[in-house]
There are 2 protein chains.
Amino acid sequence: MDLKKYIRIIPDFPKEGIRFKDITPLLGDGKAFKHAINLLAEKIKGKEIDLIVGPEARGFVIGGPLAYKLECGFVPVRKKGKLPGETVNATYVLEYGKDALEIHKDAIKPGQKVFITDDLLATGGTMKTTIELVERLGGQVVGLGFFIELTYLEGRNSLTGYDVISLLKY
Amino acid sequence: MDLKKYIRIIPDFPKEGIRFKDITPLLGDGKAFKHAINLLAEKIKGKEIDLIVGPEARGFVIGGPLAYKLECGFVPVRKKGKLPGETVNATYVLEYGKDALEIHKDAIKPGQKVFITDDLLATGGTMKTTIELVERLGGQVVGLGFFIELTYLEGRNSLTGYDVISLLKY
């Protein structure tokens with residue numbers, strides 16, 4: 001199955017000059033969505049995984065079914081103020097200003113093996129912040145999985161030392 | 001399996017007097033999460049469903065695996081400005097002010113059978129807005145599914161005519 005057929009390019013979103021890779025046609029097709037999740041699961045077969053972690057919000061759409069498939073727990077990483085329990089947080093730099101991501105303090109036990117997933121690897125900023133949160137709780141990051149990798153942004157280079165897996169490269 | 005054991009009550013979140021039902025311990029336990037999704041799937045067995053729709057962001061965590069399990073497409077409903085393609089939107093009233101939800105115009109074809117899911121049924125405001133979006137695209141809502149229903153808020157009464165399914169009642 002050619003999953004790239006289900007990715008739609010939207011010019012000038014969220015701003016001029018960016019050719020946004022829209023995964024909603026892939027999500028909206030039951031067979032393609034299932035195939036993509038199964039493919040990601042296939043690529044991490046053999047890894048010992050206790051928890052899937054995904055950043056808000058598209059990371060939830062991939063992390064949820066992957067956790068279901070692997071019968072792992074799912075841990076959400078959210079924007080500031082969204083998680084109800086005690087959290088740790090980390091800020092990351094955006095083009096204009098900063099934003100913060102949070103994780104529940106008790107979501108990961110030291111030594112638990114964590115696979116982190118999101119829809120798209122661009123510069124790697126969100127992912128680096130998510131890794132930081134997982135590791136501060138003592139989690140061991142066993143890999144990072146994406147539906148899409150924008151290779152020309154070289155996000156992978158900012159994630160050296162981690163096993164980076166992507167289904168579709170642009 | 002007693003799923004209520006995996007729901008954590010957080011007092012005074014997001015504001016004083018509210019006893020927030022936190023589903024993250026349920027999500028974080030692989031067996032409990034899988035069981036909850038399977039239970040929801042069991043309760044809608046026999047329904048013809050083309051698409052699962054879920055509102056941002058917790059609706060993604062439930063809608064994603066449910067779509068995976070049923071091999072349906074998943075359609076995200078998002079806060080204003082988050083979806084890259086052409087959208088229709090609807091506003092809903094919050095305690096202070098208004099907010100808007102959006103759906104991609106081409107996400108649902110007229111006549112498609114849609115099951116909508118979210119983590120929690122409170123007053124039903126988010127759900128009513130989501131139904132409005134689905135129906136404006138010509139989708140046929142065949143049911144609404146929640147992990148949790150706050151029965152004392154009587155959200156169900158604002159959703160008459162729809163098949164409301166919830167796993168846990170408070």
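First things first, this report covers the structure right here in the doc. (Residues numbered from 1 in each chain as written. Chains lettered and ligands numbered in written order. Predicted model: local features only at pLDDT ≥ 70, side-chain atom pairs only at ≥ 80, totals over all residues. Heavy atoms only, no water.)

### Considering the interface of chain A and chain B
The interface is formed by 40 residues belonging to chain A together with 40 residues belonging to chain B. Our count for the contact surface shared by chain A and chain B stands at 4 salt bridges. Residue B:Lys31 pairs with A:Glu71 through a salt bridge whose shortest N-O separation is 3.3 Å. At the surface where chain A touches chain B, the tally comes to 14 residue pairs in polar contact (both at pLDDT 80 or more). Going through the elements one at a time, β1 (8-11), β2 (19-22), α1 (24-27), α2 (30-43), α3 (58-70) and β4 (73-79) of chain A are the ones with two or more residues in the side of chain A that touches chain B. (Contact = heavy atoms within 4.5 Å. Salt bridge = Lys/Arg side-chain N within 4 Å of Asp/Glu carboxyl O. Polar contact = N/O pair within 3.5 Å; in protein donor to acceptor, adjacent residues only side chain to side chain. Helix = DSSP H or I, 4+ residues; strand = E, 2+ residues; numbered from the N terminus.)

### A short note on the relation of the copies chain A and chain B
The two chain copies are related to each other by a rotation about an axis together with a translation along it. When chain A is fitted onto chain B, the two copies agree to an RMSD of 0.0 Å after a turn of 180° and an axial shift of 0.0 Å. Taken together, the turn and the small shift mark the pair as related by a two-fold rotation axis. When C-alpha positions in chain A are compared against the rotation axis, the closest is assigned to A:Pro65, at 2.0 Å. The share of interface residues of chain A whose copies in chain B are also at the interface is 100%, consistent with both copies meeting through the same surface. (Least-squares fit on C-alpha atoms with pLDDT ≥ 70 in both.)

### Examining the packing of aromatic side chains
Note on aromatic pairs: each is described by the distance of the centres and the angle between the planes. Under the defined criterion, the tally for this structure stands at 5 aromatic pairs over all chains. For the pair A:Phe13 and A:Phe20, a centre-to-centre distance of 5.1 Å together with 85° between the ring planes defines the contact as edge-to-face. Overall, A:Phe13 belongs to the buried group, its relative accessible area being 17%. Plain terms: the ring middles of A:Phe60 and A:Phe74 are 5.7 Å apart, the flat faces sit at 80° to each other, and that makes the pair edge-to-face. Residue A:Phe60 is found in helix α3, and its partner A:Phe74 is found in strand β4; the two are separated by 14 residues along the sequence. Lying over the aromatic face of A:Tyr170, A:Lys21 brings its terminal NZ or CZ to 5.4 Å of the ring centre. Over the aromatic face of B:Tyr68 sits the side chain of A:Lys34, whose NZ or CZ is 4.6 Å from the ring centroid. (Phe/Tyr/Trp six-rings, centres within 6.5 Å; stacked < 30°, edge-to-face > 60°. Buried < 20%, exposed > 50% of the residue type's maximum accessible area, 1.4 Å probe, protein only. Lys NZ or Arg CZ within 6 Å of the ring centre and 35° of its normal.)

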